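Coordinates in review
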Amino acid sequence: VVVSGPPHFAHAAGRRAAARLGVPFVMDLRDPWSLAERVPDAYGSPLYLNAAARDERRAVGAAGLVVCNTELAAEAMRAAYPAAAGRIVAVMNGTDDDEPLPDVPAPDAFVIRYAGAVYFDRSPAQLFRAVARVAAERGLTPAELRVEFMGSVEGGAGALAALAGRAGLDPAFVRELGPRPRAEAQAFLAGAAMLVSLPQDTRTAVPSKLFEYARCPAWVLVLAEPDSASALLFRDSDADVVRDDADAIAGVVGRRYAEWAAGGRPAPVGSDGRFSRRAQAERLFARIEALPAAARQAPA
């Protein structure tokens, strides 16, 4: 029985089903459960936290395999459950390499794009300050350099333009497209010169958009702390990983703009296959197939 969550209380059902059937139980955590770094106020009560810790402890104890989606999350789980450390593995999300990218024209400007929601801690304020600095130093206009967003924005339409103005960037350099269908989002990503991942305060998680970015012929700029899962994901790659700092971001944007203006074009960050979902799936299936065929559990 393989159960993936969230919703995490599905793991409790999976544990009971596996025990009743007398088969191995595999617990797949796409996000942390009791170790979540951010829990929405709507249900982040002491009752929820206590129930999460209790049911996670039971599920981990019964699981033949506990799967986390980043190595940092797996390390945190091994520290919390040392007796189960040998059964806790990391299997990342990945890129769908069999799906062709949309055939779109190369960008006629250095367009920095972000696809996804802008909310909570994912603020582009420092990015806007950096772009303002690069534009001023090089005398660039929105026809040559701009930042575009596709997806929902906390605060509604115009919120990003207002934030840009407060950060010292002319709102003309910012374009908000709002939520669009998936096909349009894929074309949006494929036509960028640079793709940016905004900062987040969840150290052990990797935004799934980064795997979509890795397929595109664009420079990838990741705003993250150096010890975060996002930074570790792109170590030894061509992605630019810097803290959410205007000086650091301006250095990357200015350098990549100069390369683009000189005719340079990047290869996809994941062109070597390191992020392939197929490779991650093979790792998972190998571990599942290695589980004892006659594994049994006590009735729940």
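Figured I'd write up the structure that's included with this text. (Residues numbered from 1 in each chain as written. Predicted model: local features only at pLDDT ≥ 70, side-chain atom pairs only at ≥ 80, totals over all residues. Heavy atoms only, no water.)

Let us look at the environment of Val252. For Val252, the location among the structural elements is in helix H9 (residues 246-261). Separated by 122 residues in the primary sequence, Val252 and Ala130 place their C-alpha atoms 9.3 Å from one another. Those residues in contact with Val252 that lie beyond four places of it in its chain are Met194, Leu221, Asp240 and Val242. (Helix = DSSP H or I, 4+ residues; strand = E, 2+ residues; numbered from the N terminus. Contact = heavy atoms within 4.5 Å.)

Running from amino to carboxyl end, helix H4 (residues 125-138) crosses H9 at an angle of 50 degrees, the nearest separation of the two axes being 8 Å. The orientation of H4 with respect to H9, classified from their angle, is oblique. With respect to the hand of their crossing, H4 and H9 are arranged in right-handed fashion. Two secondary-structure elements touch here, H4 through Gln126, Leu127, Arg129, Ala130, Arg133, Val134 and Arg138 and H9 through Ala246, Asp247, Ile249, Ala250, Val253, Gly254, Tyr257 and Ala258. (Axes fitted to C-alpha atoms, helices over the stretch in contact; angles between N-to-C directions. Parallel < 35°, antiparallel > 145°, perpendicular 65-115°, else oblique. Left-handed = near helix turned anticlockwise from the far one by under 90°.)

Following Gly5, the chain continues into Pro6 via a peptide bond in cis, with omega recorded as 20 degrees. Among the secondary structure elements, Pro6 is positioned in the loop between strand E1 (2-5) and helix H1 (10-21). Of the consecutive residues Pro6 and Pro7, the connecting peptide bond is found in the cis state with omega at 5 degrees. For Pro7, the position within the fold is in the loop between E1 and H1. Not every positive phi belongs to a glycine, and Asp236 is a case in point at roughly 60 degrees. Mapped onto the elements of the fold, Asp236 is located in the loop between helix H8 (229-233) and strand E10 (240-242). Residue Asp236 is classed as exposed on the basis of its relative accessible area of 73%. (Buried < 20%, exposed > 50% of the residue type's maximum accessible area, 1.4 Å probe, protein only.)

Moving on: the side chain of Ser237. One can find Ser237 in the loop between H8 and E10. At 2.6 Å, the side chain of Ser237 forms a polar contact with the backbone oxygen of Phe234. One polar contact links the side chain of Ser237 to the main-chain amide nitrogen of Ala239, over a distance of 3.2 Å. (Polar contact = N/O pair within 3.5 Å; in protein donor to acceptor, adjacent residues only side chain to side chain.)

Let's shift gears to the sheet that holds strand E6 (residues 145-150). The sheet built from six strands is open, its strands ordered E7-E6-E5-E8-E9-E10 with parallel pairing. A single partner strand is all that each edge strand has here, and the edge strands are strand E7 (174-176) and E10. This sheet shows a mean twist of 20 degrees between the axes of neighbouring strands, independent of strand direction. As paired strands, strand E5 (residues 110-115) and strand E8 (residues 194-197) are joined by two bridges and run parallel to one another. (Pairing = 2+ DSSP bridges.)

Applying the stated criterion to the full structure yields 19 salt bridges. Of the charged contacts in the structure, one is a salt bridge between Glu225 and Arg243, with a shortest N-O distance of 2.8 Å. Taken as a pair, Glu225 in the loop between strand E9 (219-223) and H8 and Arg243 in the loop between E10 and H9 lie far apart in primary sequence, 18 residues in all. Relative accessible area serves as the criterion here: at 38%, Glu225 is assigned to the partly exposed category. (Salt bridge = Lys/Arg side-chain N within 4 Å of Asp/Glu carboxyl O.)

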